[in-house]
Amino acid sequence: MAISRLNHAVLFVADLERSVAFYRGVLGFRRLPGGFTGAAFLQAPDSANDHDLGLFQSPRPSPTGVQGQVGLYHLAWEVRTLADLAQLRNRLAGAGALTGAGNHGSTKAVYAHDPDGIEFELCWLVPDDAVAEELAPGTPPTRALDIEAEIARYGADTQTGTRSDQQLWEQIFGRDWAHQ
């Protein structure tokens, strides 16, 4: 038995329609028909999944949580290209939702929050054949992200490097890393 990836997320929100408007308007999610009172199911723009995000009206809406308290820190969604990441970074900045960006070697990411302060990440995965170079010994695990420089290096339309080589991390970290 093995888990391969997160399929969808479901969040309690303070104002259902406000949250639906944010995820649709800023990130391009589609609201799926059907559902039930007090809930909305959304599909990411390039997804074939039955739903990627469920939003439920909280029975006890409260002020935003304090960062670092026990609970969900953030969700991460993949984008197809660096051009998509750049475009979404600009849309998030325009919506006042962008909180940061980072170059994590094997991923390039921007961070934001939704209207309830729930944090999320949008990331582009470096192609498998470039990961070892990106994570070379002595390279900081997180550094500033320069999306334009990454586009110059990888190309604006290079597809995300969906991980297909399960031995990749063994090659980078050594044979015994998964057994520690």
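The preceding data block contains the structure.
Since this is a predicted model, take the numbers as computed values, not measurements.

Cut-offs applied
Residues numbered from 1 in each chain as written. Predicted model: local features only at pLDDT ≥ 70, side-chain atom pairs only at ≥ 80, totals over all residues. Heavy atoms only, no water. Buried < 20%, exposed > 50% of the residue type's maximum accessible area, 1.4 Å probe, protein only. Helix = DSSP H or I, 4+ residues; strand = E, 2+ residues; numbered from the N terminus. Pairing = 2+ DSSP bridges. Phe/Tyr/Trp six-rings, centres within 6.5 Å; stacked < 30°, edge-to-face > 60°. Core = buried A, V, L, I, M, F, W, Y, C linked by side-chain atoms within 4.5 Å. Contact = heavy atoms within 4.5 Å. Expected span 1.5 Å × (residues − 1). Arc of directions from axis to C-beta. Axes fitted to C-alpha atoms, helices over the stretch in contact; angles between N-to-C directions. Salt bridge = Lys/Arg side-chain N within 4 Å of Asp/Glu carboxyl O.

> It is not clear to me how the pairing of strand β8 (residues 119-125) should be interpreted in this structure. Could you clarify?
Remark: a regular strand shows side chains that alternate across the two faces of the sheet. Burial runs high along β8: seven of the seven residues are buried. With five bridges connecting them, strand β5 (residues 74-78) and β8 associate as parallel partners. Within β8, the position partnered with Leu75 by the bridge is Phe120. Judged from the seven bridges that link them, strand β7 (residues 107-113) and β8 form a sheet pairing that is antiparallel. Bridge pairing in β8 places Lys108 opposite Trp124. Connecting the antiparallel pair β7 and β8 is a turn made up of five residues, with Gly117 showing a positive phi of about 85 degrees.

> Explain the packing of aromatic side chains to me, please; I cannot follow it from the model alone.
Applying the stated criterion across every chain, the model contains 12 aromatic pairs. Relative to Phe41, the ring of Phe36 has its centre 5.9 Å away and its plane inclined at 65 degrees; by these criteria the two rings are edge-to-face. Looking at Phe41, the relative accessible area reads 18%, which means it is buried. Through a chain of ring-to-ring contacts, three or more aromatic side chains come together here, namely Phe22, Tyr23, Phe29, Trp77 and Phe120.

> Honestly, the nonpolar core in this entry has me stumped. Any pointers?
Side chains of a nonpolar character, in soluble globular proteins, are inclined to be buried together. Tyr23, Leu92, Phe120 and Leu122 are the most contacted members of the largest nonpolar core, which has 37 residues in total. Ranked by residues supplied to this core, first place goes to helix α2 (residues 82-94) with five residues. Phe120 has contacts with Phe22, Tyr23, Leu27, His74, Leu75, Trp77, Leu92, Val110, Tyr111, Ala112, His113 and Asp114, leaving out every residue within four places of it along the chain.

> How do you make sense of α2 when you look at a structure like this?
An α-helix turns once per 3.6 residues; consequently, residues spaced three or four apart project the same way. End to end, α2 covers 18 Å across 13 residues, agreeing with the expected 18 Å (1.5 Å per residue, within 8%). Three or more residues of α2 are buried, namely Leu82, Leu85, Ala86, Leu88, Arg89 and Leu92. Looking down the long axis of α2, one finds its buried residues gathered within 170 degrees of arc, a one-sided arrangement. In the core, the buried residues of α2 are packed alongside α1 (16-25), β6 (98-103), β7, β8 and α4 (147-154). Positive backbone phi, at 70 degrees, marks Gly96, one or two positions downstream of α2.

> I'm lost on the sheet that holds β8 in this one. Help?
Across a sheet, strands are paired by hydrogen bonds formed along the backbone, either parallel or antiparallel in direction. Taken together, four strands build an open sheet; the order of strands is β5-β8-β7-β6 and the sheet is mixed. The open sheet terminates on both sides in strands that have one partner only, identified here as β5 and β6. Shown here is a sheet whose adjacent strand axes are inclined to one another by a mean of 20 degrees, direction ignored.

> Sorry if this is basic, but what is going on with the pattern of salt bridges here?
Tallying each qualifying case throughout the model produces nine salt bridges. Asp46 is the partner of Arg80 in a salt bridge, and the nearest nitrogen-oxygen pair spans 3.1 Å. Here Arg80, found in the loop between β5 and α2, pairs with Asp46, found in the loop between β3 (39-43) and β4 (53-57); they are 34 residues apart in sequence, far enough to count as distant. With relative accessibility at 49%, the residue Asp46 sits in the partly exposed group. In this structure, Glu134 and Arg153 form a salt bridge, with 2.9 Å as the shortest nitrogen-oxygen distance. A residue pair is termed long-range when its members are at least 10 positions apart, and Glu134 in helix α3 (residues 128-134) and Arg153 in helix α4 qualify at 19 residues. Using a relative accessible area of 3% as the deciding quantity, one classes Glu134 as buried. You can call Arg153 partly exposed: its relative accessible area is 42%. One continuous salt-bridge network, built from bridges that share partners, spans Lys108, Glu133, Glu134, Arg143, Glu150 and Arg153.

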